[in-house]
Amino acid sequence: EELVHKALAEGPKASENYCAAIACLVAGCSGEVGPEFAARFAANLCERFERERQNEESSRPASNLALCLAKLYNIGLFPSSVVYGCLVSLAKTLSEMDSGLTLTILKISGGKLRGEDPVGMKSYIDV
């Protein structure tokens, strides 16, 4: 688990296919080990995402983590409230990096978010 987080945060710019493969790996491990694995992975990913978005030097780690977060949501490993929580957190500061991260998440998961939780999307837009 830590190796995947390290690869996302310290590796090169991740592609959508790479993050989709990680999401499938986490889903497979969760199916084999139990749902606690996916929950712990997502919690650690969100914590690392919050730390990395504070890093002014490089947006790549936060961008990779945001992409992976969106892919994990798309395959159903956690509810929309997790993604909306990240989006609201990004909207509070709305720096240049935060707007890019918001765009990344919405580009990948926006359709599913709107379809599954239109009330949540409306309240996010109202923020």
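Here the structure is shown first, and the text comes after it.
The notes below deal with the structure included here.

Analysis parameters
Residues numbered from 1 in each chain as written. Predicted model: local features only at pLDDT ≥ 70, side-chain atom pairs only at ≥ 80, totals over all residues. Heavy atoms only, no water. Helix = DSSP H or I, 4+ residues; strand = E, 2+ residues; numbered from the N terminus. Rg over C-alpha atoms; globule rule 2.2 N^0.38 Å. Buried < 20%, exposed > 50% of the residue type's maximum accessible area, 1.4 Å probe, protein only. Contact = heavy atoms within 4.5 Å. Areas by Shrake-Rupley, 256 points an atom, 1.4 Å probe, with all protein chains shown as cover. Expected span 1.5 Å × (residues − 1). Core = buried A, V, L, I, M, F, W, Y, C linked by side-chain atoms within 4.5 Å. Salt bridge = Lys/Arg side-chain N within 4 Å of Asp/Glu carboxyl O. Axes fitted to C-alpha atoms, helices over the stretch in contact; angles between N-to-C directions. Parallel < 35°, antiparallel > 145°, perpendicular 65-115°, else oblique. Left-handed = near helix turned anticlockwise from the far one by under 90°. Nonpolar A, V, L, I, M, F, W, Y, C, P; charged D, E, K, R; others polar.

## Observations regarding the overall build of the protein chain
Alright, step 1. Secondary structure summary: the protein chain contains 7 helices and 0 strands in total.
Alright, step 2. Order of helices (α) and strands (β) in the protein chain, N terminus to C terminus: α-α-α-α-α-α-α.
Alright, step 3. A compact globule built from 127 residues should have a C-alpha radius of gyration of about 14 Å, and the protein chain, at 14 Å, falls within 12% of that.
Alright, step 4. Overall, the protein chain is about 40 × 35 × 20 Å in size when its C-alpha atoms are taken along their principal axes.
Alright, step 5. Per-residue burial for the protein chain yields a buried fraction of 44% across its 127 residues.
Alright, step 6. Restricting the contact set of the protein chain to residue pairs at least 6 apart, pairs at least 24 apart contribute 69%.
Alright, step 7. Per element, the accessible surface of the protein chain, about 6,800 Å² overall, is 57% carbon and sulfur.

## Here's the deal with helix α3 (residues 35–53)
Alright, step 1. Over its 19 residues, α3 extends 27 Å from the first C-alpha to the last, a length consistent with the 27 Å expected when each residue adds 1.5 Å.
Alright, step 2. Of the surrounding elements, those touching the buried residues of α3 are α1 (2–10), α2 (16–33), α4 (60–74), α5 (80–93) and α6 (96–116).

## Digging into the nonpolar core
Alright, step 1. Leu8, Phe49 and Leu72 are the most contacted members of the largest nonpolar core, which totals 36 residues.
Alright, step 2. Secondary structure elements with two or more residues in this core: α1, α2, α3, α4, α5, α6 and α7 (118–126).
Alright, step 3. Sort the elements by how many residues they give to this core and α4 lands first, with 9 residues.
Alright, step 4. With sequence-adjacent residues up to four places away left out, Leu72 is seen in contact with Ala23, Val26, Phe41, Leu45, Leu77 and Phe78.

## Looking at the pattern of salt bridges
Alright, step 1. If you walk through the whole model with that rule in mind, you get 6 salt bridges.
Alright, step 2. Taking the shortest distance from any N to any O, the salt bridge between Asp126 and Lys122 comes out at 3.2 Å. With Asp126 and Lys122 both in helix α7 and 4 residues apart, this pair spans about one turn of that helix. The burial state of Asp126 is the same as that of Lys122; both residues are exposed.
Alright, step 3. Taken together, the shared-partner salt bridges connect Glu50, Arg53 and Asp98 into one network.

## Some points on the environment of Lys6
Alright, step 1. Within the secondary structure layout, Lys6 lies in helix α1.
Alright, step 2. With a relative accessible area of 43%, Lys6 lands in the partly exposed category.
Alright, step 3. Contact partners of Lys6, with chain neighbours within four places excluded, come to Gly11 and Arg48.

## Thoughts on the side chain of Ser80
Alright, step 1. Inspection of the secondary structure assignment puts Ser80 in helix α5.
Alright, step 2. On the basis of relative accessibility, which here comes to 12%, the residue Ser80 falls in the buried class.
Alright, step 3. Once you skip the residues sitting within four places of it in the chain, Ser80 turns out to touch Tyr73, Leu113 and Asp117.

## Describing the packing of α3 against α4
Alright, step 1. Interaxial distance between α3 and α4 falls to 9 Å at its minimum, and their mutual angle equals 150°. When the axes of α3 and α4 are compared, the pair comes out roughly antiparallel. Read as a crossing pair, α3 and α4 show a hand that is left-handed. Residues Phe41, Leu45, Cys46, Arg48, Phe49, Glu52 and Arg53 of α3 form the contact with α4, whose own contacting residues are Pro61, Ala62, Leu65, Ala66, Cys68, Leu69 and Leu72.
Alright, step 2. Here the residues of the contact of α3 with α4 sort into 11 nonpolar, no polar and 3 charged.

Nothing here speaks to function; it is all geometry.
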